[in-house]
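# Descriptive analysis of the structure
Chain by chain, the residues run as shown.
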Amino acid sequence: MKKNIIAGFAAILLLASCKDDKKVLDSLADYNNSMMEKGYHFGDKLDLPKEVTEDAETISISFGDKETSGLTIDPKFFTLGDNAVTFNIKTKDGETLTQDATINVFAKNPEQKINYEIIAEYPHDPKNFVQGFQIEGNTIYESDGQNGSSQILKYTLGTTTPLASTKQPQEDFSEGSTIVGDKVYQLTWQSKKGYIYDKSSLKLLKEFAYPNVLGEGWGLTYDGKNLIASDGSKLLYFLDPNNPSKMVKYIAVAGSSQAYDQLNELEFHNGFIYANVWQKPIILKINPANGEVVGTFDFTEIAKQNTKGSDDVLNGIAFKGDNMLVTGLKFMK
């Protein structure tokens, strides 16, 4: 009889413990869901509900190979944009509880809406599927995509007749390109390799493999020290131009109320990175030190005037002095 009483008492304790654990996890889930849209900024502390903290011996957050128990949005652990994490809670009665969540981190300062006026228009060949676009003097260097017809070419601003061009292999889909000294670097979309050309003749000099972290090739630019590449995610990768297979660092990109991914064609100018967002008529102005979007251009009207099909989207940025040149896939004037 005594043993039965003890066993019954243990069952009641187990049931109560399970109910407490569910209460902790439900409260944590409600909190995380409420913070998904609002997001955090670097330096913010996670104000977890008392139902979580009062029953916890320890709380930590892990993601990838990192783990922190500071419960502060520390840039050593978190990136701008979405962070897929796991909360690890050791309760006072020795239970270990885990829960997956997404922590969104946004820039502290609102993006500036940058005004512009159109001061000149130039012709552009609508057959060119623009993936990389830059200007030096009055010479445009352009990466023209599509499987079977990809190429690198150059022509004089105001004309559409190539001065030189080099075709890529049938299987390649050309992507972003940039000028580095007397060379032009060019990415491919899914071939996991890039090309380096002589700038004058566009003769192919060599090719290079992507670093493993770069899933695809999208946009490419040069900041005077490193190549900067995008792969369609929220990340920008800094590569060593002497060894483009080596990643130097990366940054994540976000504004004050939203994360940005689908980062595509890139341009570096006067200390900032400019990025097209794929399928959207906006260009972001990004601080390369931390990935914060400090300004946005809204080119909706330009896009409307040049849109005839689904491929007619902004996808080209270059600077002639302090004036921005914009074009896009199949854009024509």
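The subject of this paragraph is the sheet that holds strand β17 (residues 243-252). Taken together, the four strands give an open sheet; going across it, the order is β14-β15-β16-β17, and neighbouring strands pair in antiparallel fashion. Lying at the two open borders of the sheet, with one neighbouring strand each, are β14 (220-222) and β17. Sheet twist, expressed as the mean angle between neighbouring strand axes with direction ignored, is 30 degrees. The pairing of strand β16 (residues 235-240) with β17 spans six bridges and is antiparallel. The residue of β17 that forms the bridge with L235 is A252.

Turning to the confidence of the model for the chain, a few remarks are in order. Here the chain averages 89 in pLDDT, while 91% of its residues score no lower than 70. Confidence drops under pLDDT 50 across residues 1-16; counting only partners more than four residues distant or on other chains, this segment forms zero contacts.

Attention now goes to the packing of aromatic side chains. Applying the stated criterion across every chain, the model contains 10 aromatic pairs. Plain terms: the ring middles of Y195 and Y197 are 6.2 Å apart, the flat faces sit at 50 degrees to each other, and that makes the pair tilted. For the pair Y195 and Y197, a shared accessibility class is recorded, and that class is buried. Pairwise contacts between aromatic rings join Y116, Y274, F297, F299 and F319 into one cluster. The ring of F238 carries the charged tip of K249 above its face, separated from the ring centre by 4.6 Å. One residue, K285, lies across the ring of F272, its end atom 4.5 Å from the ring centre.

Here we come to the nonpolar core. Within the largest apolar cluster, 38 residues are counted, with the highest numbers of intra-cluster contacts made by L46, L48, I61, F87 and I103. The residues contacting L46, other than those within four sequence positions of it, are Y31, Y40, I61, L71, T72, I73, F87 and I103. With 15 residues, the next largest nonpolar core counts V253, Y260, A275 and V277 among its residues.

The full count for this structure, using the stated rule, is five salt bridges. One salt bridge in this structure joins K234 and D82, with 3.7 Å as the shortest N-O distance. Placement of the pair is K234 in the loop between β15 (227-230) and β16 and D82 in strand β3 (residues 81-91), with a sequence separation of 152 residues. What makes D82 partly exposed here is its relative accessible area of 42%. With its nearest N and O atoms 3.3 Å apart, the salt bridge here joins K183 to D182. For K183, a relative accessible area of 28% translates into the label partly exposed. Judged by its relative accessible area of 47%, D182 is partly exposed.

Turning next to unusual backbone geometry. Of note in this structure, Q146 is not a glycine but carries a positive phi near 105 degrees. Notably, Q262 is not glycine yet its phi reads approximately 55 degrees, a positive angle. Tracing the backbone shows Q262 in the loop between β17 and β18 (263-269). Here Q262 falls in the partly exposed class, since its relative accessible area comes to 29%.

Right, let's get into the environment of D322. Summarising the element assignment, D322 is placed in the loop between β22 (314-320) and β23 (323-328). Beyond its immediate stretch of four places on either side in the chain, D322 contacts H269 and N270. Within polar-contact distance, the side chain of D322 engages the side chain of N270 at 3.4 Å.

Okay, the side chain of S27 next. Topologically, S27 is positioned in helix α1 (residues 2-38). Residue class for S27 comes out buried when judged on its relative accessible area of 13%. With residues near it in sequence (within four places) discarded, S27 still touches P49, E51 and V52.

Rules and cut-offs
- Starting from 1, residues in each chain are numbered consecutively following that chain's sequence as written.
- Where totals are concerned, whole chains, interfaces and linings use all residues; where local detail is concerned, this predicted model gives features only for residues with pLDDT of at least 70, and gives and counts side-chain atom pairs only at 80 or more.
- Each side-chain value is worked out from all heavy atoms of the structure, with water and hydrogens disregarded.
- Whether two strands pair depends on DSSP finding at least two bridges between them.
- Note on conventions: DSSP H or I runs of at least 4 residues are helices, E runs of at least 2 residues are strands, and numbering of each starts at the N terminus.
- Axes here refer to lines fitted to C-alpha atoms; in helices the fit is confined to the stretch in contact. Angles between the N-to-C directions go from 0 to 180 degrees.
- Confidence scores per residue from the predictor, reported as pLDDT, run from 0 to 100.
- Contact between two residues is taken to exist if any of their heavy atoms lie within 4.5 Å; hydrogens are not considered.
- Ring pairs are drawn from Phe, Tyr and Trp, using the six-membered ring of Trp, whenever the two centres fall within 6.5 Å, and their geometry is named by plane angle: stacked under 30 degrees, edge-to-face over 60, tilted for the rest.
- Between buried and exposed lies partly exposed: a residue is buried under 20% and exposed over 50% of the maximum accessible area for its type, with that area taken using a 1.4 Å probe on protein chains only.
- A ring is scored as having a charge over it whenever the NZ atom of a lysine or the CZ atom of an arginine sits within 6 Å of its centre and within 35 degrees of its normal.
- The criterion is simple. A nonpolar core is a set of buried Ala, Val, Leu, Ile, Met, Phe, Trp, Tyr and Cys residues joined through side-chain atoms within 4.5 Å.
- Whenever Lys or Arg places a side-chain nitrogen within 4 Å of a carboxyl oxygen from Asp or Glu, that contact is recorded as a salt bridge.
- Whenever two N or O atoms come within 3.5 Å, that pair is a polar contact, provided that in protein one can donate a hydrogen and the other can accept it, and provided that, for residues adjacent in sequence, both atoms are side-chain atoms.

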